[in-house]
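Spelled out, the chains give:
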Amino acid sequence: MIQFYDYVLSGSCYKVRLFLALIGQEYEAVPVDYYPGGEHKTPEFLELNPLGQIPVLKDGDVTLRDAQAILVYLAGKYDTARTWYPADPETQGAIAMWLSFAGGEIMNSSAARLHDMLFYDFDIDKVRATAHAAFRVLDDHLTDREIDGADWIVGNIPTIADIACFPYVALSSDGGILLDDYHAIRRWINRLKKLPGFEVMPGIHAT
Amino acid sequence: MTKTTDNVALNDWQAVGDVDEITSGKRRNTRLLGQDIIVEMDGERARMFEANADGGMGAEHPAQILYGYVWVTLGTPAKPPLDMPEFKEDGRRLVSCGAVTVRASALRIVENFLDMSHFPYVHTGILGEEPVTEVTDYRFEVRQPDDEIWATDCNFFQPQAAASADGGQVSEYMYRVSSPFVSVLYKTCPVVEGAWDLVGIFVQPRDEGVCDVHTFMLVFDDTSTYTDLVHFQHEIFMQDRSILENQRPTGLPLSPKRESAIKADGSSMLYRRWLRQKGLTFGTYQGDEETEAA
């Protein structure tokens, strides 16, 4: 059985929870006392992930950190139809580009949220501005995709690129980042929420 | 803003942090009622100082440790913090869930805490579920001599009433508001017959529209892990947070003209009236009731 080290309020953990729900894959959640306990910085947890971050996934002999890496693994292993992470190099290259974006630029929205909710010490103006710049890139991309008749970040069907980018875009108001100016992003969020098997997390409401 | 001049808010005790987190020698720089403050432990004793503009320590104010939290006041309270004898009972577990900042009036947090009607819509599958959306009649009153609001005989069907609950149950609740920013609910314990589990919020008003919410549970539960209990509470609280941050106006309106709009919720109406009679202004809506858009 897949063991998934999880925190209910983590958008990164939600990437994995959401994907597991969408592909209907069962797993065992191992709750991590991220806040207020700081369990992810304990020696026991650092054995699992020396970076001291959640999520972590264990599946048999495989132990993986990083939500994006976990999505790649789960899609390759458990999505038998192979639609979420198609095998062709062109699509995989495009997906990898957006996975990196999800784990990089978009994480400024996570930083703003941690600052505003849980007292993390970030330069709030800077992280919000950087998140807005990233959202502008994503919104422009989604607008171009719509003009081409496509609803998703890569290709004509949802992929793990959509799942990786979704949580911290949809949770951005938690960190004082409003989506009012990003019309294509808001339409994309609504499409994603209508996927069969979609699951909410606190701060993200069903349509 | 600077320190409020609202004497009702000033002359009251506020919880400002979990005592375990304000470990000996480690300061907590925080904010209370518009005033930057420093909270620290001096051996077994908690101390609180106003922070000067340069970050140095200014005037010292009373501080005490109670229920695992540091309680402080910037004024001269007429009564101590609420009495919770359940803290002395054997077999209970105190679970401190940490503080979370919310960009909302502290009064909005308390009012939402009292409201059962949002359970099926906001806490779907946990504290409520459609189509069972009706809040049945309950009793509410101000009890003297402690001047506390109590709402009793509150019953609601809940799919997962507590971390320890195995399936749905009709939960009975009692709500208690002991001071404008402090509320506790007493809830049917799924494990021990006839006992109440306690869930409480100590809201620390930082500014008129920003607060830190300290949440605790005091429960009979031998099976759930500490982390299970914290996550259960975090999930519920965060479902409320984004909604609370979007409520307008930010301050809580106390005008009697507003009461007809909230008649369905007796405890909310009583809470607002009780605040108005105290003369509390901090975190209330001060605009023009006539011109305000509904």
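Parameters at a glance
Residues numbered from 1 in each chain as written. Chains lettered and ligands numbered in written order. Predicted model: local features only at pLDDT ≥ 70, side-chain atom pairs only at ≥ 80, totals over all residues. Helix = DSSP H or I, 4+ residues; strand = E, 2+ residues; numbered from the N terminus. Rg over C-alpha atoms; globule rule 2.2 N^0.38 Å. Buried ≥ 20, exposed ≤ 12 C-beta atoms within 10 Å, placed from the backbone. Contact = placed C-beta atoms within 7 Å. Nonpolar A, V, L, I, M, F, W, Y, C, P; charged D, E, K, R; others polar. Pairing = 2+ DSSP bridges. Right-handed = clockwise from strand over helix to strand, strands pointing away. Domains from an automatic or database assignment. Axes fitted to C-alpha atoms, helices over the stretch in contact; angles between N-to-C directions. Parallel < 35°, antiparallel > 145°, perpendicular 65-115°, else oblique. Left-handed = near helix turned anticlockwise from the far one by under 90°. Arc of directions from axis to C-beta. Expected span 1.5 Å × (residues − 1).

A separate point is the overall build of chain A. Regarding its fold elements, chain A presents eight helices and four strands. On C-alpha atoms alone, chain A measures out to a radius of gyration of 16 Å, which is about the 17 Å that the 2.2 N^0.38 rule sets for 207 residues. Considering chain A as a whole, with its 207 residues, one finds that 43% of them fall into the buried category. Put simply, 68% of the contacts in chain A that link residues at least 6 apart link residues at least 24 apart.

For the rest of this paragraph, the subject is the overall build of chain B. Check the secondary structure of chain B and you find five helices and 14 strands. By its C-alpha atoms, chain B is 55 × 50 × 35 Å across when sized along the principal axes. Across chain B, contacts joining residues at least 24 apart in sequence account for 61% of those joining residues at least 6 apart.

What follows deals with the interface of chain A and chain B. Listed by partner, the interface residues are 15 residues for chain A and 15 residues for chain B. Per-element tally for the side of chain A that touches chain B: the top contributor is helix α5 (residues 107-118) of chain A, with three residues. Residue composition of the side of chain A that touches chain B, by class: 10 nonpolar, two polar and three charged.

This next bit is on the pairing of strand β1 (residues 3-6) of chain A. Residues and elements named next belong to chain A. Bridge analysis of β1 against strand β2 (residues 28-31) gives four bridges, and the strand direction is parallel. Paired with Gln-3 across the two strands is Glu-28, which belongs to β2. Handedness of the crossover joining β1 and β2 through helix α1 (residues 11-22) is recorded here as right-handed.

Once that is clear, we can look at the pairing of strand β1 (residues 14-18) of chain B. Residues and elements named next belong to chain B. In terms of residue burial, β1 counts as a mostly covered element, since four of its five residues are buried. Pairing between β1 and strand β7 (residues 69-72): four bridges, direction antiparallel. Paired with Gly-17 across the bridge in β7 is Val-70.

In terms of domain boundaries, chain A breaks down into domain 1 (3-78) and domain 2 (89-193). Among the residues forming the side of domain 1 of chain A that touches domain 2 of chain A, the class breakdown is eight nonpolar, two polar and two charged.

Further remarks concern the packing of α1(A) against helix α3 (residues 67-78) of chain A. Residues and elements named next belong to chain A. Between α1 and α3, the shortest axis-to-axis distance is 9 Å and the interhelical angle comes to 15 degrees. Relative to α3, the element α1 is oriented roughly parallel. Both α1 and α3 take part in a crossing whose hand is right-handed. Judged by residue contacts, Ser-12, Lys-15, Val-16, Phe-19 and Leu-20 of α1 engage Ala-67, Ile-70, Leu-71 and Leu-74 from α3. Looking at the contact of α1 with α3, its residues break down into seven nonpolar, one polar and one charged.

All names here are of chain B. If you trace the four strands from one edge of the open sheet to the other, you get β2-β3-β4-β5, paired in antiparallel fashion. Of all strands in the sheet, those bounded by a partner on one side alone are β2 (28-32) and β5 (57-61). The average angle at which neighbouring strand axes cross in this sheet is 40 degrees, direction not considered.

Bringing the sheet that holds strand β6 (residues 63-66) of chain B into the picture now. All names here are of chain B. Overall, antiparallel pairing links the three strands, which are arranged β1-β7-β6 in an open sheet. Strand pairing shows two members of the sheet lacking a second neighbour, β1 and β6, which therefore form its edges. Direction aside, the axes of adjacent strands within the sheet are offset by 35 degrees on average.

Let us now look at helix α8 (residues 183-193) of chain A. Within an α-helix, residues lying three or four positions from one another point in the same direction, as the helix has 3.6 residues per turn. Residue and element names in this part refer to chain A. Residues Ile-185, Trp-188 and Leu-192 constitute the buried set of α8. Along α8, the residues classed as buried sweep out an arc of 60 degrees about the axis, all on the same side. Residues of α8 that are buried make contact with α6 (124-147) and α7 (160-170).

Our focus in this paragraph is α1(A). Residues and elements named next belong to chain A. Taking 1.5 Å per residue as the helical rise, α1 with its 12 residues ought to reach 16 Å, and the 16 Å between its terminal C-alpha atoms agrees with that figure. Buried residues dominate α1, accounting for 10 of its 12 residues. Where the residues of α1 are buried, they touch β1, β3 (56-59), α3, α5 and α7. A positive phi of about 70 degrees marks Gly-24, the residue just after α1.

The omega angle of the peptide bond from Ile54(A) to Pro55(A) is 5 degrees, so this bond is cis rather than trans. Omega for the bond connecting Gln144(B) with Pro145(B) falls within 30 degrees of zero, at 5 degrees, which places this linkage in the cis form. Structurally, Pro145(B) can be placed in the loop between β9 (139-143) and β10 (148-158). For Phe119(A), which is not glycine, the phi torsion reads 70 degrees and is therefore positive. Position of Phe119(A) relative to the elements: it lies in the loop between α5 and α6. Assessed through the 16 C-beta atoms surrounding it within 10 Å, Phe119(A) is described here as partly exposed. Positive phi, normally seen in glycine, also occurs at Tyr67(B), with a value near 60 degrees. Mapped onto the fold, Tyr67(B) is located in the loop between β6 and β7. Under the C-beta neighbour-count criterion, Tyr67(B) is labelled buried, with 20 such atoms within 10 Å.

Residues and elements named next belong to chain B. Domain boundaries in chain B define domain 1 (7-72) and domain 2 (85-278). Measuring from the centre of the C-alpha atoms in domain 1 to the corresponding centre in domain 2 gives 25 Å. Between domain 1 and domain 2, the contact holds 14 residues from the first and 13 residues from the second. No other element matches the four residues that β1 contributes to the side of domain 1 that touches domain 2. Residues belonging to the side of domain 1 that touches domain 2 are distributed by class as follows: eight nonpolar, three polar and three charged.

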